[in-house]
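So the chains spell out like this:
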Protein chains: 2
Amino acid sequence: MFKKILIVGCGLIGSSILRATIKKKISKKIFILEKSKKHINQIKKLRYSCEVLKGSEKQIPKMDMIIICTHLGEYLKIFNKIEKYINKNTIVTDVGSAKETIFRKIKPRIKKNISWISSHPIAGSEVSGPKFGNEKLFSDKWCVLIKDRNINKKHMKILSKFWVKIGCNIVYMNFKEHDHIFSITSHIPHLVAYNMVKTAMNFEKKKKSNIVKFSAGGLRDFTRTAASNEIMWKDIFLNNHINITKGIDLFLKNMRQIKKLINTKNEKKLIKIMQESKKIRKKIVSSKQDVNLPDFGRR
Amino acid sequence: MFKKILIVGCGLIGSSILRATIKKKISKKIFILEKSKKHINQIKKLRYSCEVLKGSEKQIPKMDMIIICTHLGEYLKIFNKIEKYINKNTIVTDVGSAKETIFRKIKPRIKKNISWISSHPIAGSEVSGPKFGNEKLFSDKWCVLIKDRNINKKHMKILSKFWVKIGCNIVYMNFKEHDHIFSITSHIPHLVAYNMVKTAMNFEKKKKSNIVKFSAGGLRDFTRTAASNEIMWKDIFLNNHINITKGIDLFLKNMRQIKKLINTKNEKKLIKIMQESKKIRKKIVSSKQDVNLPDFGRR
């Protein structure tokens, strides 16, 4: 399908794309651009057939596709480094979790004939780095492709085929829709998890109790989400801050309401809120967005 | 070890105690008191050797131990029904998740010579009912036993042995300590999860987007916790409302701070908060309070 693919940033997502691309024989050659020596060593140990670029090649290979898998905060810097691998046939994509703010910054900086179509595969985990990568990470996961003015339709078709080939189901959105939806299904849940763990830690210091020992009562689920990569999430929070701020305000308002219901012993309304919340779980499981086992099937 | 044990309320926890007690041959006879016909039918289908009491027995069996596994809100009503099965040798215990408020109400109502020692096994799940019970539910889980004035020490020893026999590790606390610690490790995390899901639903109605479809980005973890039994949690929230209110206030304060850090682009402090939060996850996994697999090991 491709002759040359370049993966920029080879952590959990980048290395999973590497694995899946090799497994599905999608490209003759795969190149890697990665600044972390630790990551490069891990990739080399995995003995995948790929070439780690040093950036000082005499013969600059022009890529069929470039997939940027770094943190959002590095996009501008990265672009200066990868421009030389791009010609008019190159499809550029990224896998970032927030879109509008960063693309408003990037667009004026890149040449008009460069074809950048943004992607967001809804896959990931609390762990980071190439050693945790997995060729099946994208199996049955949604991948959002961003529709925008002047997009190269032929490239969109090829990119869409690529994600399908490595397991994804495609959904199309514009920048605004994407950032709206993921603020509530992903960004605020992460922020809330970090805040819950921070609050528990404040509490522990004050009371000298042991929150780790008794975390199985509910807190431990939050600690998993709050163990996600802090640079990645700082970038997401800053790059979708308007939607996130609105979501936080709605969350705070609801929380003050629940607090009031508890303190006025309003059993009926409390039960109603919880009954409503329960319905979503069934929908998520029946839509195969989570495992159909109590407690995530963990033992 | 025992001749007669009575389990009052045979849902997830009660039926798991039933299963574990049979498996470990802890009692010659096991009796069940359960008001839900649906639950009784499920228990009968499981064909466990136990006797479901109707409350109208001519010969009233006096129990060696009674374990109350109903919702907190039923304790007072239940006590009137079980009094006839109690004599001076009977150990009464319960498995409730909140202690101080309910026991302040119960104590004046029960005879002084009744030996009620409160327990709290830190085990459970988002699913309810006897069909989800599991003989291994208590394996390697903490069980809190409540120290109080005038407790029968011999009974405490026997009760402690019982929980150890079905898999628990014992920890002793007083009412106040218990309610403090579990407000932050369990009650507020549940309340926050319900509130997160409620907020997402409010958002969905407004934007007509599909939060179920894209829940894999983080929200789905919250929906599991928020799928827990609403009557049980209403009772817990009301019976530990002072600690929970304090915790909510701390949570809200921290959340307003994070919102401010995002809107002032304070990258350094945001990263620091997230780095601190990550540390807890490692401690929880190394203390064997959660599975040592990314994403809870779910596929």
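Residues numbered from 1 in each chain as written. Chains lettered and ligands numbered in written order. Predicted model: local features only at pLDDT ≥ 70, side-chain atom pairs only at ≥ 80, totals over all residues.

Some thoughts on the relation of the copies chain B and chain A
Part 1: Least-squares fitting of chain B to chain A yields an RMSD of 0.0 Å, with the superposition described by an axial translation of 0.0 Å and a rotation of 180°. Such values leave the two copies arranged in the relation of a two-fold axis.
Part 2: When you check the interface residues of chain B against chain A, 100% turn up at the interface there too, and the contact is symmetric in its surfaces. (Least-squares fit on C-alpha atoms with pLDDT ≥ 70 in both. Contact = placed C-beta atoms within 7 Å.)

So, the sheet that holds strand 8 (residues 142-146) of chain A
Residues and elements named next belong to chain A.
Part 1: An order of 7-8-9 is seen for the 3 strands of this open sheet, with the pairing classed as mixed. A strand with exactly one partner marks an edge of an open sheet, and here the two such strands are strand 7 (119-121) and strand 9 (169-173). Direction aside, the axes of adjacent strands within the sheet are offset by 20° on average.
Part 2: Looking at chain direction, strand 8 and strand 9 are connected through 5 bridges and run parallel. Along strand 9, the bridge assignment pairs cysteine 143 with isoleucine 170.
Part 3: Each of strand 7, strand 8 and strand 9 is contacted by helix 6 (residues 175-207), which is oriented at about 145° to strand 8, the strand it contacts most. (Pairing = 2+ DSSP bridges. Helix = DSSP H or I, 4+ residues; strand = E, 2+ residues; numbered from the N terminus. Axes fitted to C-alpha atoms, helices over the stretch in contact; angles between N-to-C directions.)

Some words on the domain arrangement of chain A
One frequently used descriptor of interface size is the decrease in accessible area upon assembly of the parts.
Residues and elements named next belong to chain A.
Part 1: We note that the domain assignment places domain 1 (2-173) and domain 2 (178-289) within chain A.
Part 2: Distance between the C-alpha centres of domain 1 and domain 2: 31 Å.
Part 3: With 15 residues of domain 1 at the interface, the matching set in domain 2 holds 15 residues.
Part 4: Counting only elements with at least two residues in the side of domain 1 that touches domain 2, the list comes to helix 4 (100-106) and strand 8.
Part 5: Sort the elements by how many residues they give to the side of domain 1 that touches domain 2 and helix 4 lands first, with 3 residues.
Part 6: For the side of domain 1 that touches domain 2, the per-class residue count stands at 6 nonpolar, 6 polar and 3 charged. (Domains from an automatic or database assignment. Nonpolar A, V, L, I, M, F, W, Y, C, P; charged D, E, K, R; others polar.)

Overview of the sheet that holds strand 3 (residues 51-52) of chain B
Residue and element names in this part refer to chain B.
Part 1: Pairing is parallel across the open sheet formed by 6 strands, whose spatial order is 3-2-1-4-5-6. Edge positions in the sheet fall to strand 3 and strand 6 (115-116), since each of these pairs with one other strand and no more.
Part 2: Both strand 2 (residues 27-33) and strand 3 contribute to a ladder of 2 bridges, which runs parallel. The residue of strand 3 that forms the bridge with isoleucine 32 is valine 52.
Part 3: Helix-sheet contacts for helix 3 (residues 75-82) involve strand 1 (2-8), strand 2, strand 4 (65-68) and strand 5 (91-94), and the interaxial angle to strand 4 is about 155°.

Observations regarding the packing of helix 6 of chain A against helix 10 (residues 267-286) of chain B
Part 1: Two numbers describe how helix 6 of chain A lies on helix 10 of chain B: the axes approach to 9 Å, and their chain directions differ by 75°. When the axis of helix 6 of chain A is compared with that of helix 10 of chain B, the two are roughly perpendicular. Facing Tyr194(A), Val197(A), Lys198(A) and Met201(A) of helix 6 of chain A, the residues of helix 10 of chain B in contact are Ile273(B), Met274(B), Glu276(B), Ser277(B) and Ile280(B).
Part 2: By residue class, the composition of the contact of helix 6 of chain A with helix 10 of chain B is 6 nonpolar, 1 polar and 2 charged. (Parallel < 35°, antiparallel > 145°, perpendicular 65-115°, else oblique.)

A word on the nonpolar core
Proteins that are soluble and globular tend to have nonpolar side chains buried together.
Part 1: Core analysis: the biggest nonpolar cluster contains 165 residues, and Ile7(A), Ile66(A), Ile67(A), Ile7(B), Ile66(B) and Ile67(B) have the highest contact counts within it.
Part 2: Dropping the residues within four chain positions of it, Ile67(A) is found in contact with Ile5(A), Ile7(A), Val8(A), Ile17(A), Thr93(A) and Val95(A). (Core = buried A, V, L, I, M, F, W, Y, C linked by C-beta atoms within 7 Å. Buried ≥ 20, exposed ≤ 12 C-beta atoms within 10 Å, placed from the backbone.)

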